[in-house]
Amino acid sequence: MDFGMVMELAGIQKHRSFYVPELPPCLQGSNVQVEFGEAIAVSDPTDAHSIQRSFPLTYGQPLIHLSNYISNNNSSKGTTAQVIKDLPEIRVGIVFCGRQSPGGHNVICGLRDAIKSHNPKSTLIGFCGGTEGLFSKKTIEITEDIVSTYRNQGGYDMLGRTKDQIRTKEQVKSALDACQALKLDGLVIIGGVLSNTDAAQLAETFASAKCQTKVIGVPVTLYGDLKNQFVEANVGFDTICKVNSQLISNLCTDALSAEKYYYFIRLMGRRASHVALECTLQSHPNMVILSEEIAASNLTLFDITKRICDAVQARAEQDKYHGVILLPEGLIESIPEVHTLLQEIFALHKKGVPVDSISAQLSPWALALFEFLPPYIKVQLLLSPESDDSAQLSQIETEKLLAQLVETEMNKRTQNGTYTGKKFSSISHFFGYQARGSLPSKFDCDYAYVLGHVSYHLLAAGVNGYMATVTNLKDPVSRWRCGGAPFTGMMAVKRLHGPGVSPIGKPSIHPAAVDLRGKSYKMLIQEAESFLMDDVYRNPGPIQFEGTGSEIKPISLCIEDQDYMGRVKDLQNYLDMVKMMVKPGCSQEVLKAAVSSMSSVVNILSIMSVPSKGQSSLRMEKYEHINYS
């Protein structure tokens, strides 16, 4: 493949290439102020020791805020700051590490534009073929001609991608050797949860080796599961959900027209169900089953089948024999008995047992479940696990399995007289790859481009082991807040269970599950009955690139009350004001009021800060135990 090939664009592609993404005020102009706040603490204090022990050189780094020096030249007194002006020539490498996600190209475009605006002699080097290109030092220089071809375009074909990991000692050493040989000042890694965990380890290794290359990560993943207090959204998620929602809506209209089919649609998303939830909120199908719900309630395959059959029967009583049901691809792995079966299969894979012999070595109950499943599912469950020890979820036809089980159960109900409606008919679909190469939405174009600029300013500030962040994303670009957060501040340690397993896992950035106490899920629950029975299908139409429709952002992003980074700055400002107003020599009344208020605040925060096993969507222990152990 010819990477970085200058292609002739036509139609909407060419029109999109002319779009100039917006920049927030903090990134405009030649002078950008980098403010260093206080050191970041991990979300669970019990993890701090393990994380610090694994990442001694990159642990405990400060949160970073970017601001425009001209309009905001008074940084908070609790911070230190430096101003990024014209800088010496630098060399930066960039690599795609993870599944292709719409908007990824704009990270490169934003990074190059920022580099060249501050020093035209600086160089951006792309690694061809993903991490394999990094290991083998296969590179191209990202020129203006290349950028103009791929600006605002979908896919990862500018540089391509191969393996999704930089994990083994050999891989890390190859990456270190490549960065040293190319004399890189910075390496930007574009990817999701696993890729940024690898980037964290790479940053620590580079620091230990006294390598001049600084490592920065960018949150780009269509799954939407790289979320925490510092990262509100992932590049590509908006586009994926918009494209899928239109396809789902088309099938909703078709179902309503023919009135005789149930569509079972499986959506990408890996273990978390963010895509399925967002698409449901956008298109209003009759039913969605989230992996997190199944894991939290320990529902079996029979329970899920019964739930769907009961819904089909309830609709039939209203003379409705059609419907649309969404399923996340991680659903199969969240079903307790199937998850345990998969763990047995994976353990036998690790022992080198041939695929043809695995079933004979399963435990009696696991074998009974295995034999119950259709032949095509058996073959798919026996596939070798992914690099993160999960099943090859995109290959397991859960939608087809559930449609078949529901049909069998509805036939039984017909035979025993508990169901008297028309015969159940279904059609199955997997929306896996139809959206990954789409032209990115305006939001993803802007978000990715801004992250590219932020990555440059983090490298210019000389920091290592950070993720580029943009918060307050639900608001217009003019109100976005930019900065960086250390990888280690996003990490947690899994408590593993089982014989022969170490009770403490390796510190990692973990996928965020759908928060079953969050506003998005609550909205779904409030509308679930209407979605099921009333056919309130909603068709958002194709992605709009211009006009008011182009400003629409993910529903789940807009209804959540986030902007963590902004609140950190607000808190620092309030603390500074208290220090200014309450100084030795102030009145007795002011001092008493301050002491009383601060005492109350401390008491409240002490109670709220006690670690709680269920307090964070990142640490839903029951879900993690079923899905990630």
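For the structure, see preceding data.
Computed from a predicted structure; not experimentally measured.

Please provide a residue-by-residue account of the overall build of the chain, values included.
Broken down by element type, the chain carries 23 helices and 14 strands. At 26 Å, the chain has a C-alpha radius of gyration in line with the 25 Å of a compact globule built from 629 residues. Residue burial in the chain is summarised as follows: out of 629 residues, 56% are buried. A sequence separation of at least 24 residues applies to 80% of the contacts in the chain between residues at least 6 apart. A total accessible area of about 26,100 Å² is found for the chain, and carbon and sulfur atoms account for 55% of it. Put simply, the chain has 60 plus and 64 minus side-chain charges, and the middle of one group is 4 Å from the middle of the other.

Tell me about a positive patch on the surface, and name the residues and values.
On the surface, a cluster of positive charge is contributed by K474, R517, K519 and K522. Looking at where R517 falls in the secondary structure, it is placed in the loop between strand 14 (481-486) and helix 19 (519-534). A relative accessible area of 51% places R517 in the exposed class.

Explain the environment of Y263 to me, and be specific about the residues and the numbers.
Positionally, Y263 belongs in strand 9 (residues 262-267). Look at Y263 and you get buried, because its relative accessible area is 5%. Y263 sits 59 residues away from H322 along the chain, and the two C-alpha atoms are 7.9 Å apart. Apart from residues lying up to four places away in sequence, Y263 is in contact with L251, D254, A255, G323, V324, I325, I427 and H429. A distance of 2.3 Å separates the side chain of Y263 from the side chain of D254, its partner in a polar contact.

An account of the pairing of strand 11 (residues 323-328) is requested, with residue identities and associated values reported.
Of all the 6 residues making up strand 11, 6 are buried; the element is thus mostly covered by neighbouring parts of the structure. Where burial is concerned, the two faces of strand 11 agree: the one with G323, I325 and L327 and the one with V324, L326 and P328 are both buried. Summarising the sheet, strand 10 (residues 287-288) and strand 11 pair through 2 bridges and their orientation is parallel. Across the sheet, the residue bridging to M287 is I325, located in strand 11.

With reference to specific residues and values, describe the environment of S357.
For S357, the position within the fold is in helix 14 (residues 355-358). Owing to a relative accessible area of 29%, S357 belongs among the partly exposed residues under this scheme. The spacing of S357 and L251 is 106 residues in sequence and 41 Å in space, taken between C-alpha atoms.

Please give an account of the nonpolar core that cites residues and values.
Within the largest apolar cluster, 53 residues are counted, with the highest numbers of intra-cluster contacts made by I94, I108, I190, Y447, V454 and V470. For V454, the contacting residues outside a window of four places in its chain are L27, L66, A468, T469, V470, C482 and G483. Residues M287, L301, L327 and Y376 belong to the second largest nonpolar core, which totals 49 residues.

Provide a residue-level description of the sheet that holds strand 10, including the pertinent values.
Judged by pairing direction, the sheet is parallel, and its 4 strands sit side by side in the order 10-11-9-12 without closing on themselves. Edge positions in the open sheet fall to strand 10 and strand 12 (426-431), since each of these has one partner strand only. In this sheet, strand 12 lies alongside strand 9 in parallel orientation, the contact comprising 6 bridges. Paired with Y263 across the strands is I427, a residue of strand 12.

Account for the environment of L134, naming residues and giving values.
In this fold, L134 is placed in helix 4 (residues 130-136). According to the relative accessible area criterion, L134 is buried, its value standing at 0%. Distance from L134 to I166, taken between C-alpha atoms, is 9.5 Å for residues 32 residues apart in sequence. Look past the residues within four positions of L134 in its chain and what remains in contact with it is F127, I166, S174, A175, A178 and L187.

Talk me through the pattern of salt bridges; I want residue IDs and the actual numbers.
By the definition in use, this model includes 18 salt bridges. Across the pair R151 and D113 runs a salt bridge whose closest N-O atoms are separated by 3.0 Å. Of the two residues, R151 is situated in the loop between helix 5 (144-150) and helix 6 (169-181) and D113 in helix 3 (residues 104-118); the sequence distance between them amounts to 38 residues. For R151, a relative accessible area of 12% translates into the label buried. Notably, a salt bridge pairs D535 with K320, separated by 3.9 Å at the nearest N-O pair. Of the two residues, D535 is situated in the loop between helix 19 and helix 20 (555-559) and K320 in the loop between helix 11 (301-316) and strand 11; the sequence distance between them amounts to 215 residues. Here D535 falls in the buried class, since its relative accessible area comes to 14%.

Each value, and the rule that gives it
Residues numbered from 1 in each chain as written. Predicted model: local features only at pLDDT ≥ 70, side-chain atom pairs only at ≥ 80, totals over all residues. Heavy atoms only, no water. Helix = DSSP H or I, 4+ residues; strand = E, 2+ residues; numbered from the N terminus. Rg over C-alpha atoms; globule rule 2.2 N^0.38 Å. Buried < 20%, exposed > 50% of the residue type's maximum accessible area, 1.4 Å probe, protein only. Contact = heavy atoms within 4.5 Å. Areas by Shrake-Rupley, 256 points an atom, 1.4 Å probe, with all protein chains shown as cover. Lys, Arg positive; Asp, Glu negative; His and termini not counted. Charge placed at Lys NZ, Arg CZ, Asp CG, Glu CD. Patch = residues over 30% accessible without salt bridge, like charges linked within 9 Å, V, L, I, M, F, W, Y side chains within 5 Å. Salt bridge = Lys/Arg side-chain N within 4 Å of Asp/Glu carboxyl O. Polar contact = N/O pair within 3.5 Å; in protein donor to acceptor, adjacent residues only side chain to side chain. Pairing = 2+ DSSP bridges. Core = buried A, V, L, I, M, F, W, Y, C linked by side-chain atoms within 4.5 Å.

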